[in-house]
Amino acid sequence: MRHGKKINHLGRTTAHRHAMLSNMATSLIMHKRVTTTVAKAKALRQYVEPLLTKSKEDTTHSRRLVFAQLQEKEAIKELFGEVAGKIANRPGGYTRIIKLSASRLGDNADMCVIELVDYNDTLLEAKNATAEKATTTRRSRRRSGGATPATGDAAVTSATEVTGEAVVPNATVQQSAPEDTPTETVKDGESRDEAKADA
């Protein structure tokens, strides 16, 4: 049973686990994505997200708190510089875990990629494209005097276009579509030019 078990010890001692999570957090900050097991990624997410929140306030105190966890000057520089600028407007949820279909060969562990959300260019471009498409509303598609689509066999046109008289602008008149012209069928082994010549 797992009553009250909030921390996944990952089969390591406390010192080993803290050192491993510190190194993984440094790699995530420096490289923006890390491939690891699902269990380690979930533990890393709990470890690194408070550090990312502290980086949004660039003070000496917050730098010292983060440095006490990471112990890596270059990672601190990257975190409080570029990364903090990217995540400034995000209220939380700075990381994303994407599970991979292939598992690890040795022990069949479930593998995943943990990445910083604001650095996945592919998903950000897709999100921006859908946001641009979503800006049009149903209201803007309403007909405003332009050409209207054909419905069934008859096209609908406004009454002013058909008769040239001044009538209510919303009134519509049904106008029948032109009749279909008969076409010649091509017999087996006969080209279109031969079919035209026979007709």
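Residues numbered from 1 in each chain as written. Predicted model: local features only at pLDDT ≥ 70, side-chain atom pairs only at ≥ 80, totals over all residues. Heavy atoms only, no water.

Looking up the protein chain in an unreviewed UniProt entry gives the name Large ribosomal subunit protein bL17, with the organism given as Hymenobacter nivis. UniProt, in the comment section headed Sequence similarities (unreviewed entry), describes the protein chain in these words: "Belongs to the bacterial ribosomal protein bL17 family." (UniProt positions renumbered as here; feature names shortened; annotations may be inferred.)

A. Structural detail: the pairing of strand β2 (residues 95-103). Relative to strand β3 (residues 110-116), β2 runs antiparallel, the two sharing six bridges. Bridge assignment links Thr95 to a residue of β3, and that residue is Leu116. (Pairing = 2+ DSSP bridges. Helix = DSSP H or I, 4+ residues; strand = E, 2+ residues; numbered from the N terminus.)

B. The arrangement of helix α4 (residues 73-86) in detail. With 14 residues, α4 ought to run about 20 Å at 1.5 Å a step, and its terminal C-alpha atoms sit 19 Å apart, in line with that. At Leu79, α4 shows its maximal kink, close to 35°. Along α4, the residues that are buried comprise Ala75, Ile76, Glu78, Leu79, Phe80, Val83 and Ala84. Looking at the buried residues of α4, the elements they touch are α1 (14-31), α2 (38-55), α3 (60-70) and β3. (Expected span 1.5 Å × (residues − 1). Bend = angle between axes of the 7 residues up to and from the residue. Buried < 20%, exposed > 50% of the residue type's maximum accessible area, 1.4 Å probe, protein only. Contact = heavy atoms within 4.5 Å.)

C. Representation of the environment of Ile98 in the model. Structurally, the position occupied by Ile98 is in strand β2. In this structure, the C-alpha to C-alpha distance between Ile98 and Ala41, residues 57 residues apart in sequence, is 9.7 Å. Residue contacts for Ile98: discarding those within four places in its chain leaves Cys112, Val113 and Glu115.

D. Structural detail: the pattern of salt bridges. Scanning the model with the defined rule gives six salt bridges in all. In this structure, the salt-bridge partner of Glu115 is Arg96, at a minimum N-O distance of 2.9 Å. Residue Glu115 is located in strand β3, and its partner Arg96 is located in strand β2; the two are separated by 19 residues in the primary sequence. Classification of Arg96 by relative accessible area gives partly exposed; the value is 24%. (Salt bridge = Lys/Arg side-chain N within 4 Å of Asp/Glu carboxyl O.)

E. Looking closely at the sheet that holds strand β1 (residues 33-37). Read from one edge to the other, the open sheet built from three strands follows the order β1-β3-β2, with strand pairing classed as antiparallel. Here the strands that pair on one side only, and so sit at the sheet edges, are β1 and β2. Across the sheet, the mean angle from the axis of one strand to that of its neighbour is 25°, orientation sign disregarded. Here five bridges tie β1 to β3, and the two strands are oriented antiparallel to one another. Within the sheet, the bridge partner assigned to Thr37 lies in β3 and is Met111. (Axes fitted to C-alpha atoms, helices over the stretch in contact; angles between N-to-C directions.)

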